[in-house]
Amino acid sequence: MKFLPVSRGLVAAALLVPLTAALASQASSTLTPQQVGSTGPVTVAPRVPVPAGQPCVVNLIQDETTSSHYTYMPPPGCSGPWAKVVLKVNVTEKGAWGSTKTDLRLGGFTIYEATLPKSAATSTWEVERDLTDFTALLEEAHNGQMIVAPDQDIWSSEAYIPDEVSLGAQLLFYRASSSHPAPKTPDALYRILPPPAALPPLPRNIDRAYLDVYNQQPWWFTCATDQEVQNSGLPFISALAMGAELKYGIASPAHNGCGGGSFAEMLVRLDGTPAGVVPVFPMLTGAFSIYFPHTVNAPAQPPQMLNHIPYRLDLTPFSPRLDEAGTHRIELSRTADATLFVYLDKGTTLVSGFVTRNTLDTQQHPLIDDTISTTDDTGTATVSTSLDRDYTIEGYMNTSRGRVDLSVHQTSHFLNRQAFYFDGLQYPDYRHYRQHLWLESQTQQHSTRTRAGTVLDDNTLTASYPLEVLWNADGHVVDNDAPETIPTNESASVEQHWNLDTTHLRNGFAPYTSRVRESFISSRTRDLQTQQDSNWQSQAQYLFNDSPGSCYQSALTTLDGAVATEDRGVGCPNGQNHVRWRAHPDGSPDSLGWTH
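Heads up: these notes are all about the structure in this document.

How each quantity is defined
Residues numbered from 1 in each chain as written. Predicted model: local features only at pLDDT ≥ 70, side-chain atom pairs only at ≥ 80, totals over all residues. Heavy atoms only, no water. Helix = DSSP H or I, 4+ residues; strand = E, 2+ residues; numbered from the N terminus. Buried < 20%, exposed > 50% of the residue type's maximum accessible area, 1.4 Å probe, protein only. Contact = heavy atoms within 4.5 Å. Areas by Shrake-Rupley, 256 points an atom, 1.4 Å probe, with all protein chains shown as cover. Polar contact = N/O pair within 3.5 Å; in protein donor to acceptor, adjacent residues only side chain to side chain. Phe/Tyr/Trp six-rings, centres within 6.5 Å; stacked < 30°, edge-to-face > 60°. Lys NZ or Arg CZ within 6 Å of the ring centre and 35° of its normal. Disulfide = S-S within 2.5 Å.

Some details on the overall build of the protein chain
Of the regular secondary structure elements, the protein chain holds four helices and 29 strands. Looking at the protein chain as a whole, 58% of its 596 residues qualify as buried. For the protein chain, contacts bridging at least 24 residues in sequence account for 76% of all contacts bridging at least 6. Put simply, the protein chain shows about 23200 Å² of open surface, and 50% of that area lies on carbon and sulfur atoms.

This is the structure:
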C-alpha cells in the first residue's frame with residue numbers, strides 16, 4: 001500500500017469516487033440483480049468449484065443455536081476416497097453487544113470459523129469450504145459442536161452478551177471417477193490444543209507435515225505500546241478510541257483502545273524448538289465501537305470476515321523429529337485453532353533423519369520508533385513498529401525411496417505506522433481523537449524436497465495483508481467530578497487487501513501458479529446524537545486466476561447500506577467466470593493432491 005501523509009485526510013473515502021464510477025460502467029452487461037438493493041451481508045468471495053455429478057449429502061445441523069451439539073456419520077453407500085468434499089454453511093444472526101465469532105467443529109477439529117458481521121437487524125448469509133483434506137476424519141463417525149464466543153480473549157468481559165445465532169450446515173461428497181479422480185489427501189490429522197498438550201501417539205513414517213492455522217485476529221494492529229499508554233499522559237485509552245470493551249454490560253462510555261503494541265506474529269515451536277512463523281491477519285470486526293454498529297461492513301464484508309481461511313505452514317523438515325519415539329508437542333505463541341496434517345511413507349514403518357540447520361531467531365524483536373509531543377490543549381504521537389525476518393530450516397530424511405533433502409526458507413516484512421492526534425487535553429468540555437494507521441505485512445514461504453538431485457516439489461507461497469485505517473471521534477465530558485467522555489460523532493475509513501500468490505513445481509508435472517486479489521474500501525460517518533449516517537459507501541472486489549486458465553472476478557459497490565452495483569466475470573474470457581473443479585479460488589491451502 002502506498003503510504004500517504006496524515007494530512008491527506010480520508011484517503012480510503014477519496015479513493016471510492018473514481019473506482020466506484022468505473023465499476024458501475026463495467027457492470028452494465030453483467031449485472032446480476034439478485035444482490036442489487038440487498039442490505040444483508042454479501043460477499044465477493046467465490047464458491048468452491050465442484051466436479052460434475054450429484055453429491056451425497058450429509059446434514060450436520062439445521063437452525064441450531066449457540067453451543068449446539070450434533071453427531072456425524074459418513075454418507076451411507078458413498079464411501080471415499082472422494083473427488084471433493086464441500087462444507088456448506090448457512091448462518092442467521094441478530095447482533096448483540098460483544099465482538100463475536102462462530103466455530104463449527106467436528107471431532108474437535110475446527111472446520112469452519114467466521115467473525116459475525118454485527119448487523120443491527122436479523123441477517124443471513126451462506127458460505128462454503130473445501131474439506132477434501134479432512135478425508136481421513138470424514139471416513140469415520142464423530143461428534144460435533146457449534147460454538148459462539150468472543151473473538152479474542154482480551155476483549156471479553158463478564159458483561160459479554162453473545163449474538164443470537166442459528167446455523168445450518170451440510171457436507172457434500174462428490175464421488176471419484178475416471179474423469180474426476182480422488183486427490184491424494186493427508187493420511188492423518190491432529191488438533192493442536194492450547195495450552196500445548198501432548199499430541200496423540202504419532203505414526204513413525206511421516207514424510208510430510210503441514211500446520212494449518214486460523215491466523216485471523218482483530219484489534220492488535222490498532223494498539224499503542226504500554227510505554228505510551230502508561231507514561232505519555234495522552235488518552236490512548238478512551239471512550240473515543242476504537243475498541244470493543246463493554247462497561248458493566250450497558251452502553252455507558254467504554255474505555256476502548258489497547259496497549260501491548262501493534263505487532264503480531266505466531267511463533268510455532270515443536271517440542272520447544274522454533275519451527276516456523278505464521279503471520280497474523282488483521283481482521284476487521286463489525287463494530288469499531290459499541291456506539292457504531294456495522295461500522296464499515298454493511299452490507300459488503302471485509303476480506304475473510306464471513307469465512308476465515310487458514311494459513312498453511314510447511315513443517316516437513318521436522319518430519320524426522322515427529323517420527324521419533326515419545327510424545328510431541330506443538331505450541332503457538334498466540335492462541336489460535338490449528339490442525340496438523342501429515343502424509344505417510346507407505347513403503348516403510350519408520351522414517352529417520354535430522355534437522356541440520358535452523359536459523360530462526362526467537363530473540364528477534366520488533367523495532368519501535370515513536371515521537372510524542374503536547375502543545376497547550378493538543379497532543380500528537382507517531383509510532384512506527386517494524387520487523388523483518390529471514391530464516392532457513394533444512395534437514396533430510398531416509399525414506400523407502402532413498403534420502404530426501406528438505407528445506408524451508410521464509411522471509412517476512414512487517415511495518416505498522418500509526419499517527420494519533422488528541423484535542424481537548426486541558427479543559428473538560430470537548431475532545432477529539434484521531435488515529436491513522438498503515439500496515440504492511442508480507443510473508444514468503446519457499447519449500448523444497450529433493451532426492452538424488454531431482455526436485456520432487458518446489459513450492460512458494462506469498463501472502464500480503466496491506467491495511468489502512470483512519471478513525472475520527474468527537475465527544476464531550478459530561479461529569480466534572482468523575483469525567484466521562486460521551487462520543488457525539490464517529491467516522492471510519494478503511495482500505496484492506498488480501499493478496500496470495502503461489503507457485504508449485506512437481507516432478508513430472510507442468511508448473512502450477514495461482515493468484516488471489518481481494519480488496520475492500522469503505523467509509524462511514526455517524527452522528528451519534530441524531531443516529532444519522534453520511535459518506536456511507538464501500539466497494540469490494542475479488543480476482544482469481546491460475547495457470548491452467550481458471551478465471552474469477554466479482555465486484556460490488558454499496559451506497560447508504562445497500563448494494564448499488566454488481567459485476568462478475570469482467571476481464572475473464574468471454575466475460576464469464578470459469579474455474580476448474582480442482583482449483584482453490586477461495587485462497588484455501590492447496591496440497592495439489594491431483595498431481596500424485
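On we go from here.
Some points on the side chain of Thr 462
Within the secondary structure, Thr 462 sits in strand β23 (residues 454-464). Overall, the relative accessible area of 14% leaves Thr 462 in the buried class. A distance of 3.0 Å separates a polar atom in the side chain of Thr 462 from a polar atom in the side chain of Gln 444.

Describing the packing of aromatic side chains
Within this structure, the stated rule accounts for 18 aromatic pairs. For the ring pair Phe 420 and Tyr 433, a centre distance of 6.5 Å and an interplane angle of 85° mean the geometry is edge-to-face. With Phe 420 in strand β21 (residues 402-423) and Tyr 433 in strand β22 (residues 431-451), the pair connects residues that are 13 residues apart, well separated along the chain. The pair formed by Phe 420 and Tyr 433 is uniform in burial state, with each residue classed as buried. Through successive ring pairs, a cluster of aromatic residues spans Trp 219, Phe 288, Phe 292 and Trp 471. We note Arg 524 situated over the ring of Trp 536; from NZ or CZ to the ring centre the distance is 3.6 Å. A cation sits over an aromatic face here: Arg 580 above Trp 594, 5.3 Å from the ring centre.

A word on the state of the cysteines
A covalent bond bridging the sulfur atoms of two cysteines is what the word disulfide describes. Applying the stated rule across the entire model yields three disulfides. Disulfide pairing is shown between Cys 223 and Cys 258; the S-S distance is 1.9 Å. Around the S-S axis, the bridge from Cys 223 to Cys 258 shows a dihedral of about -95° and counts as left-handed. One end of the pair, Cys 223, is in the loop between β11 (216-218) and α3 (226-231); the other, Cys 258, is in the loop between α3 and β12 (265-270), with 35 residues separating them in the sequence. Cys 258 carries the same exposure label as Cys 223, and that label is buried. The residue that forms a disulfide with Cys 551 is Cys 572, at a sulfur-sulfur distance of 2.1 Å. Its torsion about the S-S bond being -80°, the disulfide of Cys 551 and Cys 572 is classed as left-handed. Of this pair, Cys 551 sits in strand β28 (residues 551-559) while Cys 572 sits in the segment after β29 (562-568), and the two are 21 residues apart along the sequence.

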